[in-house]
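# Observations on the three-dimensional arrangement
Listed here are the chains, written in short residue letters.
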Amino acid sequence: FLARFCRMTEEKGIADKPIVMSEFGCAAIAGCHDDENILWCEENQAKQISACLKLFHAHPRVAGSFIWQFFDMRTCLQAGLNRARGFNNKGLMNEYRKPKLAYYAVQRLYREFAEENL
């Protein structure tokens, strides 16, 4: 994806601009755990978000990123959205601001990234 995106910026003559990756993430229902990293489990969310952050951090053109989203929130039940529990479960924390595994994974990665720059 990043290679394709960078080629597109070159074709459009904007390859000198920094890239900010926004609104990426993965859903997990707080308290759902599974060693197989199944859909909706906290382990899978932590793994997916960590992989994205490592990829973005290692790329020389990526200047920053915004994880979607900080905490779970109730979603509108209209508009055909069919979400587990009626929530957008992509938060690093649950709706009560209790950290999920992804929160700790992100915390650990940012500490590692900071140590690289010392």
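Each chain has its residues counted from 1, running along the sequence as written. Where local features are concerned, this predicted model is filtered to residues with pLDDT of at least 70; where side-chain atom pairs are given and counted, the filter is 80 or more; whole-chain, interface and lining totals use all residues. Think of the side-chain values as coming from all heavy atoms in the structure, minus any hydrogens and water.

### Topic: the environment of Lys17
- Helix and strand assignments come from DSSP, with helices taken as H or I runs of at least 4 residues and strands as E runs of at least 2, each series counted from the N terminus. Along the chain, Lys17 falls in the loop between α1 (2-11) and β1 (19-24).
- Buried, partly exposed and exposed residues are distinguished by accessible area as a fraction of the type maximum, computed with a 1.4 Å probe on protein chains only: under 20%, between the cut-offs, and over 50%, respectively. Looking at Lys17, the relative accessible area reads 46%, which means it is partly exposed.
- Lys17 sits 15 residues away from Cys32 along the chain, and the two C-alpha atoms are 40 Å apart.

### So, the nonpolar core
- For the purposes of this section, nonpolar cores are sets of buried Ala, Val, Leu, Ile, Met, Phe, Trp, Tyr and Cys residues that join through side-chain atoms within 4.5 Å. Among the nonpolar cores identified, the biggest contains 16 residues, and Met21, Ile49, Leu53, Phe56 and Val62 are the most heavily contacted of them.
- For this core, the secondary structure elements donating two or more residues are α1, β1, α2 (42-58) and α3 (101-116).
- Here this core gets 5 residues from one element, more than from any other, and that element is α3.
- Only heavy atoms matter for contacts: two residues are in contact if any of them lie within 4.5 Å across the pair. When residues no more than four places from it in sequence are discounted, the contact partners of Leu53 are Phe24, Ser65, Ile67, Val106, Leu109, Tyr110 and Phe113.

### Regarding α3
- Multiplying 1.5 Å by the helix residue count minus one yields the expected span of that helix. Over its 16 residues, α3 extends 23 Å from the first C-alpha to the last, a length consistent with the 22 Å expected when each residue adds 1.5 Å.
- Listed as buried for α3 are Ala102, Ala105, Val106, Leu109 and Phe113. For α3, the angular spread of the buried residues around the axis is 95°, confining them to a single face. Away from its buried face, by an angle of more than 90 degrees, α3 presents the exposed residues Arg111 and Glu115.
- Packed against the buried residues of α3 are α2 and β2 (62-67). Regarding the arc, it is the one traced by the directions from the helix axis to the C-beta atoms.

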